[in-house]
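Residue strings, one per chain:
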Amino acid sequence: MVQTRSSGAAVAHNTRLRSLRECNCLRSRIRQLREQTRRQVSRISTGNRQVRAMGQKVSGGVKTAGPGREPSLKALNSDRDLLHPDMQKPSRLDMLLDMPQADKETQVKHAWNNEDRSLNIFVKEDDKLTFHRHPVAQSTDCIRGKVGYTRGLHVWEIHWSTRQRGTHAVVGVATEHAALHSVGYQSLVGSNGESWGWDLGRNKLYHDSKNNPGITYPRTLKADENFVVPDKFLVVLDMDEGTISFVVDGQFLGIAFRGLKGKKLYPIVSAVWGHCEITSKYIGGLDPEPLPLMDLCRRTIRLSLGKDRLKDVPKLPLPQALKNYLLYQ
């Protein structure tokens, strides 16, 4: 009996030791990540000071050019911009974008809704992710997505050619009550309290614009600067946090709107250009529940390797099942 108790105590002791070692490893990894972040911010700060010393304009941002247009500049004007909470890319978004994209069947389920549109718009038969707008003068037309979101993190890619935007090109989200058509040309998405939109040509955010002025977006854009949004960009809707954001060329532009929690919101665009075609491709989503520890470990390993070295995962001295897991296979 004494030997049995001693054996049980030894097992419990060893278990505690293993748990302690694992916790210490985790703490060490967190300290390393914090130090890496500190060094990265320090490098950015040093680089900005060097550029300012040379009398040049500082840019921590994106240069994009539309066809036949001069490149435009989105500048992060200070270190404060980089560290502002609204400018921090959510870790859940990083994890989602690191996962494989949704399959075609899922993309079609989340695509434009041919039953919820202006009559001047139709979803193409040969491409269910794209709609076409008829060349109707003095008309602004919208279409909603098939799925309304109430929870989770969701990302979709908009493909809207800069040549097909015209005077009013707006992307955002709306409730089921938002209007889908109006006479004349206007930024219809964001014109009332039922929708929230980013006017791509004006670099303005609109919500209930009849009563509230537009807000410059990206928010770091100066009054004398213009930001040309490229043909493709990402819309990021986080219904758990109640926010919508945008990503251009891999750069998180910051939170555009807050206060969306508790609503049911659909992807939406409003267009005025005749024969324009706009594609919405659902990238994927994450439920609000915490991710399993295995998924978090996979993300940490992939982040440590970096995208350029993921191709070397098959060469690692690991069981094949683990290598497949790391590659989402």
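Residues numbered from 1 in each chain as written. Predicted model: local features only at pLDDT ≥ 70, side-chain atom pairs only at ≥ 80, totals over all residues. Heavy atoms only, no water.

### Focus: the overall build of the chain
A count of helical and extended segments in the chain gives six helices and 17 strands. Counting only residues that meet the buried cut, the chain has 42% of its 329 residues in that class. In the chain, of all internal contacts separated by at least 6 residues, the share reaching a separation of at least 24 is 66%. Working note: accessible area of the chain is about 18,200 Å², and carbon and sulfur atoms make up 53% of it. (Helix = DSSP H or I, 4+ residues; strand = E, 2+ residues; numbered from the N terminus. Buried < 20%, exposed > 50% of the residue type's maximum accessible area, 1.4 Å probe, protein only. Contact = heavy atoms within 4.5 Å. Areas by Shrake-Rupley, 256 points an atom, 1.4 Å probe, with all protein chains shown as cover.)

### With respect to the nonpolar core
The biggest cluster of nonpolar side chains holds 38 residues, and the ones touching the most others in it are Trp198, Phe233 and Phe246. Setting aside its immediate chain neighbours within four residues, Phe233 contacts Trp156, Glu157, Ile158, Arg165, Val171, Trp198, Leu200, Phe246, Val247 and Val248. Listed in part, the 13 residues of the second largest apolar core include Leu93, Leu96, Val247 and Leu286. (Core = buried A, V, L, I, M, F, W, Y, C linked by side-chain atoms within 4.5 Å.)

### A short note on the side chain of Ser270
For Ser270, the position within the fold is in strand 16 (residues 266-271). Overall, Ser270 belongs to the buried group, its relative accessible area being 0%.

### Some words on the confidence of the model for the chain
Close inspection of predicted coordinates is inappropriate in any region flagged by low pLDDT. With 75% of its residues at a pLDDT of 70 or more, the chain has an overall mean of 82. Contacts of residues 1-5 to residues separated by more than four positions or lying in other chains number zero contacts, the stretch itself having pLDDT below 50. Contacts for the low-pLDDT stretch residues 44-78, under 50 throughout, to residues beyond four places or in other chains number 70 contacts. (pLDDT = per-residue confidence, 0-100.)

### Quick notes on the environment of Ala111
Summarising the element assignment, Ala111 is placed in the loop between helix 4 (104-109) and strand 3 (112-117). If we skip the residues at most four places from it in the chain, Ala111 touches Lys128, Leu129, Gly145 and Lys146.

### Here's the deal with the pattern of salt bridges
According to the stated counting rule, one finds 16 salt bridges in the structure shown. With a shortest N-O distance of 3.6 Å, Arg299 and Asp98 are connected by a salt bridge. On the criterion of sequence distance, the pair formed by Arg299 in helix 5 (residues 293-305) and Asp98 in helix 3 (residues 91-98) is long-range, its members being 201 residues apart. Both residues of the pair, Arg299 and Asp98, count as buried. Asp287 serves as the salt-bridge partner of Arg151, at 4.0 Å between the closest nitrogen and oxygen. You can see Arg151 sitting in the loop between strand 6 (139-145) and strand 7 (153-160) and its partner Asp287 sitting in the loop between strand 17 (277-286) and helix 5, a full 136 residues away along the chain. Three or more residues joined by partner-sharing salt bridges are found here, namely Arg92, Asp238 and Asp240. (Salt bridge = Lys/Arg side-chain N within 4 Å of Asp/Glu carboxyl O.)

### Considerations on the packing of aromatic side chains
Both the distance between ring centres and the angle between the ring planes are used here to describe each pair of aromatic rings. In the structure shown here, the tally under the stated rule is eight aromatic pairs. Each residue in the set Trp198, Tyr217, Phe233 and Phe246 is aromatic and connected to the rest through ring pairs, giving one cluster. One residue, Arg298, lies across the ring of Tyr325, its end atom 3.9 Å from the ring centre. (Phe/Tyr/Trp six-rings, centres within 6.5 Å; stacked < 30°, edge-to-face > 60°. Lys NZ or Arg CZ within 6 Å of the ring centre and 35° of its normal.)

### Some remarks on the sheet that holds strand 17
With antiparallel pairing, seven strands are arranged side by side in an open sheet as 4-5-17-7-13-14-15. Edge positions in the sheet fall to strand 4 (121-124) and strand 15 (251-257), since each of these pairs with one other strand and no more. When the angles between neighbouring strand axes are averaged without regard to direction, this sheet yields 25°. The sheet contacts of helix 3 involve strand 7, strand 13 (232-238), strand 14 (243-248), strand 15 and strand 17, and relative to strand 7 the element is tilted by about 65°. (Pairing = 2+ DSSP bridges. Axes fitted to C-alpha atoms, helices over the stretch in contact; angles between N-to-C directions.)

### Quick look at the pairing of strand 6
Across the seven residues of strand 6, seven count as buried, placing the element largely inside the fold. Bridging between strand 3 and strand 6 involves two bridges; their strand directions are antiparallel. Bridging from a neighbouring strand, Trp112 pairs with Gly145 of strand 6. In this sheet, strand 9 (residues 181-183) lies alongside strand 6 in antiparallel orientation, the contact comprising three bridges. By the bridge assignment, Thr140 is partnered in strand 9 with Ser182. When strand 6 meets strand 16, the two strands line up antiparallel, connected through four bridges. Residue pairing across strands places Ile143 opposite Val269, the latter belonging to strand 16.

### Comments concerning unusual backbone geometry
Note the cis peptide between Tyr217 and Pro218, where omega equals 0°. Here Pro218 shows up in the loop between strand 12 (215-216) and strand 13. A positive phi angle is found at Asp208, which is not glycine, with a value near 55°. Tracing the sequence through the fold places Asp208 in the loop between strand 11 (204-206) and strand 12. A positive phi angle is found at Asp249, which is not glycine, with a value near 50°. Its location among the elements puts Asp249 in the loop between strand 14 and strand 15. Taking the relative accessible area as the measure of exposure, Asp249 reaches 55% and is therefore exposed.

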